[in-house]
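What follows is each chain in one-letter form.
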Amino acid sequence: MDIKIEKESSDFNIHKKIILFLSHFYDDLYSIEKMEKGIIMEKLREIAKIIGEEYEIIIKLHPREEQNIYGDSLNIRIIKDKPSAEYLIDKASIVLIATSTSSLKTIAMNKPLLILDYANIYMPINYKKYGIRVLGYNDDLIKAIKDYNQKGERRKELLEDYCGKISNSNLS
């Protein structure tokens, strides 16, 4: 499958697990952030080659972002506008984020989350403090996806620290 930008589609193969990368906007002035995007795309391409037919990889672009920063790749679907990030998070088997407020949405929706920190860019949330897995360049992303476990994550505490008191939640 060649890369294509989808604007309105929500047709997903119900027999595949979705690996969702929620992108974030980078200003062209920050070369280290552009380097990180290149590394993330390299890792996603690697996953696409290895992980096989079991998964579908989707990149949801930030609203201010254009597709050309990622280039072309086989077996990776890029979505620009619709469906919404919230819809995609709900459908995803696991969500990958470098730095984005969408991490809070993912946590609130109690979906599996891995933080990708390949360029050691400042993150306003100390995910490790709350037991959320943060992966560096040398960490095995495929193993982290396949072996994902929320045990030890303190999601409710993180959300309360950054968003305020939460009641009636099934988060731990």
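The structure we're discussing is the one just above.
Predicted, not measured: the structure shown is a model, and the values here were computed from it. (Residues numbered from 1 in each chain as written. Predicted model: local features only at pLDDT ≥ 70, side-chain atom pairs only at ≥ 80, totals over all residues. Heavy atoms only, no water.)

(A) Region of interest: the nonpolar core. Ranked by size, the top nonpolar core spans 27 residues in total, and within it Ile19, Leu44, Ile47, Leu114 and Leu141 carry the most contacts. Elements with a minimum of two residues in this core: β2 (17-22), α1 (31-51), β3 (55-60), β4 (76-79), β5 (94-97), β6 (113-116) and α4 (141-146). Among the elements that take part in this core, α1 stands out by supplying seven residues, more than any other. Apart from the residues within four sequence positions on either side, leucine 44 is in contact with Phe21, Ile57, Ile59, Ile76 and Leu96. Counting residues in hydrophobic clusters, the runner-up holds 23 residues, among them Ile79, Ala92, Leu113 and Tyr127. (Core = buried A, V, L, I, M, F, W, Y, C linked by side-chain atoms within 4.5 Å. Buried < 20%, exposed > 50% of the residue type's maximum accessible area, 1.4 Å probe, protein only. Helix = DSSP H or I, 4+ residues; strand = E, 2+ residues; numbered from the N terminus. Contact = heavy atoms within 4.5 Å.)

(B) Just the pattern of salt bridges, in detail. Under the defined criterion, the tally for this structure stands at five salt bridges. Of the charged contacts, one joins aspartate 147 and lysine 143 as a salt bridge, the two residues approaching to 2.6 Å between their closest N and O atoms. Using a relative accessible area of 49% as the deciding quantity, one classes lysine 143 as partly exposed. Glutamate 157 is paired through a salt bridge with arginine 154; the nearest N and O atoms lie 3.0 Å apart. Using a relative accessible area of 34% as the deciding quantity, one classes glutamate 157 as partly exposed. (Salt bridge = Lys/Arg side-chain N within 4 Å of Asp/Glu carboxyl O.)

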